[in-house]
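Topology and contacts: notes
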Amino acid sequence: SLMLRALRPLAPAAARSFRSAVVVRAVDEGEATSRVLSLLAGTSVVNPAACEPAMKLDAFGPVEMAEFAVAVGDEFAVDVPAAASDKFATAADIISFVTSNKASK
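Residues numbered from 1 in each chain as written. Predicted model: local features only at pLDDT ≥ 70, side-chain atom pairs only at ≥ 80, totals over all residues. Heavy atoms only, no water.

Per the counting criterion, the structure on display carries two salt bridges. Glu31 serves as the salt-bridge partner of Arg35, at 2.7 Å between the closest nitrogen and oxygen. In this pair, Arg35 and Glu31 are both assigned in helix α3 (residues 29-41), four residues apart and thus about one turn of the helix distant. The class of Arg35 is buried, set by a relative accessible area of 17%. Residue classification places Glu31 among the partly exposed residues on the basis of a relative accessible area of 22%. Glu75 is the partner of Arg35 in a salt bridge, and the nearest nitrogen-oxygen pair spans 2.9 Å. Of this pair, Arg35 sits in helix α3 while Glu75 is found in helix α4 (residues 62-76), placing the two residues 40 residues apart along the sequence. In this structure Glu75 comes out as partly exposed when scored by relative accessible area, which is 32%. One network of salt bridges, in which partners are shared, links Glu31, Arg35 and Glu75. (Salt bridge = Lys/Arg side-chain N within 4 Å of Asp/Glu carboxyl O. Helix = DSSP H or I, 4+ residues; strand = E, 2+ residues; numbered from the N terminus. Buried < 20%, exposed > 50% of the residue type's maximum accessible area, 1.4 Å probe, protein only.)

Another point: the confidence of the model for the chain. Mean pLDDT over the chain stands at 81; residues scoring 70 or higher make up 72%. Low pLDDT (under 50) marks residues 1-11, which in the prediction has zero contacts with non-local residues, meaning those over four places away or in another chain. Counting interchain partners and residues more than four positions distant, the pLDDT-below-50 stretch residues 13-24 has one contact. (pLDDT = per-residue confidence, 0-100. Contact = heavy atoms within 4.5 Å.)

To continue, consider the environment of Ala84. Positionally, Ala84 belongs in helix α5 (residues 82-85). The spacing of Ala84 and Phe97 is 13 residues in sequence and 8.1 Å in space, taken between C-alpha atoms.

Here the focus is the side chain of Thr33. With respect to the element layout, Thr33 can be found in helix α3. At a separation of 2.7 Å, a polar atom in the side chain of Thr33 contacts the main-chain carbonyl oxygen of Glu29. Those residues in contact with Thr33, other than ones at most four positions away along the chain, are Pro53 and Ile95. (Polar contact = N/O pair within 3.5 Å; in protein donor to acceptor, adjacent residues only side chain to side chain.)

Structure (structure tokens):
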């Protein structure tokens, strides 16, 4: 217990230095395109052969789009708010969202 009390003041400083050492790189457009199209191809809504950035997302109903937004969030470790996913009309819109979000991984 004496040793634990002696180490406590160091813990926050050690945590800060670890966080500052972690480098988060943004997702570039090529990587985002590949990963988004792969996610789209894996859905039951889209013909995998038709996956391209200009592809319209008309086949997605509200439930499918909400599920896809969660999949995008999981894939890129980013929050996709309903207000953003409601505006996704094409795969390019999703790619743009991912590349413009600084927290995407």
